[in-house]
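Structural features, examined
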Amino acid sequence: MQTHCKNAEILCIGTELLMGNIVNTNAAYIAKELASLGVNVYYQSVVGDNPERLKKSLELAFSRADTVITTGGLGPTYDDLTKETIAEYFGRKLVLHQPSYDKLCKYFAATGRKMTDNNKKQAFMPEGCRVFDNPNGTAPGCCIQQDGRTLIMLPGPPREMKPMFDNWAVPVLREGNDHILVSKNLYFFGIGESSLENKLRDLMEKSQNPTIAPYAKTGEVMLRVTASVTKEGEAEEVMAPALERIMAEAGEFLYGVDVGDLQTAAVMALKEKGLHAAAAESCTGGMVAERLTQVSGASEVFECGLCTYSNRMKEQLLGVKEETLGQYGAVSRETAAEMAAGVRRVSGAEIGVSVTGNAGPSPSEGKEVGLVYVGVDSDAFSEVLELHLRRTDDDAREYIRHLASSHALNEILKAAKYF
């Protein structure tokens with residue numbers, strides 16, 4: 001991904017956001033997209049539908065960013081005052097934008113509804129602005145550029161905001177600079193953020209171009225390596241020394257570049273090798289299968305998922321021996337190995353993966369909470385991991401299940417490399 005260099009601030013407008021009546025998904029989406037574009041975001045704010053407070057928020061935002069992106073307050077009702085307030089802030093009049101007004105008239109005529117006077121205000125835009133068409137709603141957005149500042153106004157409903165951001169705001173963000181930022185996102189599993197930072201701290205602190213920033217999520221770490229260059233083709237050369245150092249220190253934990261998540265990486269690896277995988281799950285309750293099938297094209301490589309929660313189903317569907325369950329229990333290395341082999345046999349897949357464990361909240365079969373076994377079986381590579389994922393917080397059960405499924409996906413990746 002590439003973009004021109006800017007600092008941006010996100011300002012979401014709406015009293016309903018402050019009251020907690022609506023979850024602010026817009027800020028998360030915009031922040032993620034800006035990060036992928038290489039745009040710096042140091043602040044996000046939420047302000048209610050109040051002109052004076054909105055003006056103060058704009059002043060504060062522009063004191064620390066050259067670009068402000070707003071969402072919300074562009075509708076027809078009396079409290080939708082974003083355009084009016086921003087136009088006043090920039091010293092501009094609101095004028096009728098005839099194409100937007102014509103579109104409004106056609107919309108109401110097509111739906112058989114009468115257009116009330118307050119709807120017309122959606123077609124009034126700040127004088128001299130760049131208008132953003134909204135094919136998914138009635139409120140257009142716009143961009144004002146003045147005195148080195150850029151203000152981008154987007155509607156509040158996510159189904160309207162997202163395409164407008166992608167189709168209209170992104171081109172604006174790429175304008176006006178002879179340098180571009182090019183980023184690579186490196187994804188790691190099996191190493192914590194603190195351990196990865198410890199290995200690379202001097203590189204992160206000293207490297208100015210490219211910059212290296214870590215981002216953590218459950219059980220994973222992402223490193224964003226960003227180069228500032230005049231041409232995109234120069235980025236590889238600028239990044240090369242840093243990437244070489246990262247690979248030397250932590251390459252064994254890298255599962256993909258610009259892939260997004262483990263399930264996508266697993267599906268991509270299986271497709272590349274022409275392989276198929278199948279999953280047998282107990283404590284994860286189908287989470288491995290669910291995550292794999294989130295990925296478009298998973299049907300080409302994912303044979304089946306069996307949720308064998310009871311011992312009886314482990315025996316009948318997977319062929320786990322009664323003696324194994326009796327001697328070692330459902331939560332055991334031996335059971336995990338037989339589950340992985342069993343689902344591979346049943347499905348005909350080249351790779352079988354299994355998960356069995358105790359996600360809590362109480363010990364079971366005398367096994368501690370968080371004890372999980374993840375097995376993988378194939379002609380090229382087979383192993384069983386013993387994991388101790390104990391947590392004491394309220395979401396411990398979901399944490400254990402999610403991390404166990406992540407280990408299973410990573411085992412698929414490991415096995416695929418041997419083919």
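Everything numeric here is computed off the predicted structure, so don't read it as measured data. (Residues numbered from 1 in each chain as written. Predicted model: local features only at pLDDT ≥ 70, side-chain atom pairs only at ≥ 80, totals over all residues. Heavy atoms only, no water.)

1. Considerations on the sheet that holds strand β14 (residues 277–281)
Where strands meet in a sheet, backbone hydrogen bonds hold them as pairs that are either parallel or antiparallel. Taken in spatial order, the 5 strands of this open sheet run β15-β14-β16-β17-β18, and their pairing is mixed. Each having just a single partner strand, β15 (302–307) and β18 (383–388) make up the two edges of the open sheet. Between one strand axis and the next, the sheet turns by 10° as a mean value, whatever way the strands run. Summarising the sheet, β14 and strand β16 (residues 351–357) pair through 5 bridges and their orientation is parallel. Opposite A277, over in β16, you have I351 as the bridge partner. (Pairing = 2+ DSSP bridges. Helix = DSSP H or I, 4+ residues; strand = E, 2+ residues; numbered from the N terminus. Axes fitted to C-alpha atoms, helices over the stretch in contact; angles between N-to-C directions.)

2. So, the side chain of R92
Relative to the elements of secondary structure, R92 occurs in the loop between α4 (82–89) and β5 (94–96). Looking at R92, its side chain comes within polar contact range of the side chain of Q146, at 3.0 Å. (Polar contact = N/O pair within 3.5 Å; in protein donor to acceptor, adjacent residues only side chain to side chain.)

3. Concerning the packing of aromatic side chains
Under the defined criterion, the tally for this structure stands at 8 aromatic pairs. Taking the centre distance of 4.7 Å and the plane angle of 10° together, the rings of F381 and Y418 count as stacked. One end of the pair, F381, is in the loop between β17 (371–377) and β18; the other, Y418, is in the segment after α15 (396–417), and 37 residues separate them in sequence. For Y418, a relative accessible area of 51% corresponds to the exposed category. One aromatic cluster in this structure is built from F62, Y89 and F90. Over the ring of Y101 we find K120; its NZ or CZ atom is 5.2 Å from the centre of that ring. Residue placement shows R149 over the ring face of F62; its charged tip is 5.4 Å from the ring centre. (Phe/Tyr/Trp six-rings, centres within 6.5 Å; stacked < 30°, edge-to-face > 60°. Buried < 20%, exposed > 50% of the residue type's maximum accessible area, 1.4 Å probe, protein only. Lys NZ or Arg CZ within 6 Å of the ring centre and 35° of its normal.)

4. Quick word on the pairing of strand β11 (residues 211–217)
Note that β11 and strand β12 (residues 220–229) share 7 bridges and pair antiparallel. What sits directly across from T211, in β12, is T226. The turn linking β11 back onto β12 is made up of 2 residues, and G219 within it adopts a positive phi angle of 75°.

5. Focus on the nonpolar core
Core analysis: the biggest nonpolar cluster contains 44 residues, and Y255, L292, I351, V355, V372 and V374 have the highest contact counts within it. Counting residues per element, the ones that place at least two in this core are β10 (180–189), α10 (262–273), β14, α11 (287–292), β16, β17, β18 and α15. Ranked by residues supplied to this core, first place goes to α15 with 10 residues. Among residues more than four places away in sequence, those in contact with V372 are V355, T356, G357, L385, E386, L387, L389, I400 and A404. Counting residues in each nonpolar core, the second largest holds 23 residues, with I10, I30, V170 and L173 among its members. (Core = buried A, V, L, I, M, F, W, Y, C linked by side-chain atoms within 4.5 Å. Contact = heavy atoms within 4.5 Å.)

6. Notes on the packing of α10 against α15
Contact pair α10 / α15: the axes reach a minimum separation of 9 Å and the direction vectors enclose 25°. Between α10 and α15, the angle falls in the class roughly parallel. Our pair here, α10 against α15, has a crossing hand that is left-handed. The segment α10 lies against α15, with L262, Q263, A265, A266, A269, L270 and K273 engaging S406, L409, N410, I412, L413, A416 and K417. (Parallel < 35°, antiparallel > 145°, perpendicular 65-115°, else oblique. Left-handed = near helix turned anticlockwise from the far one by under 90°.)

Function cannot be inferred from these measures alone, as they are strictly geometric.
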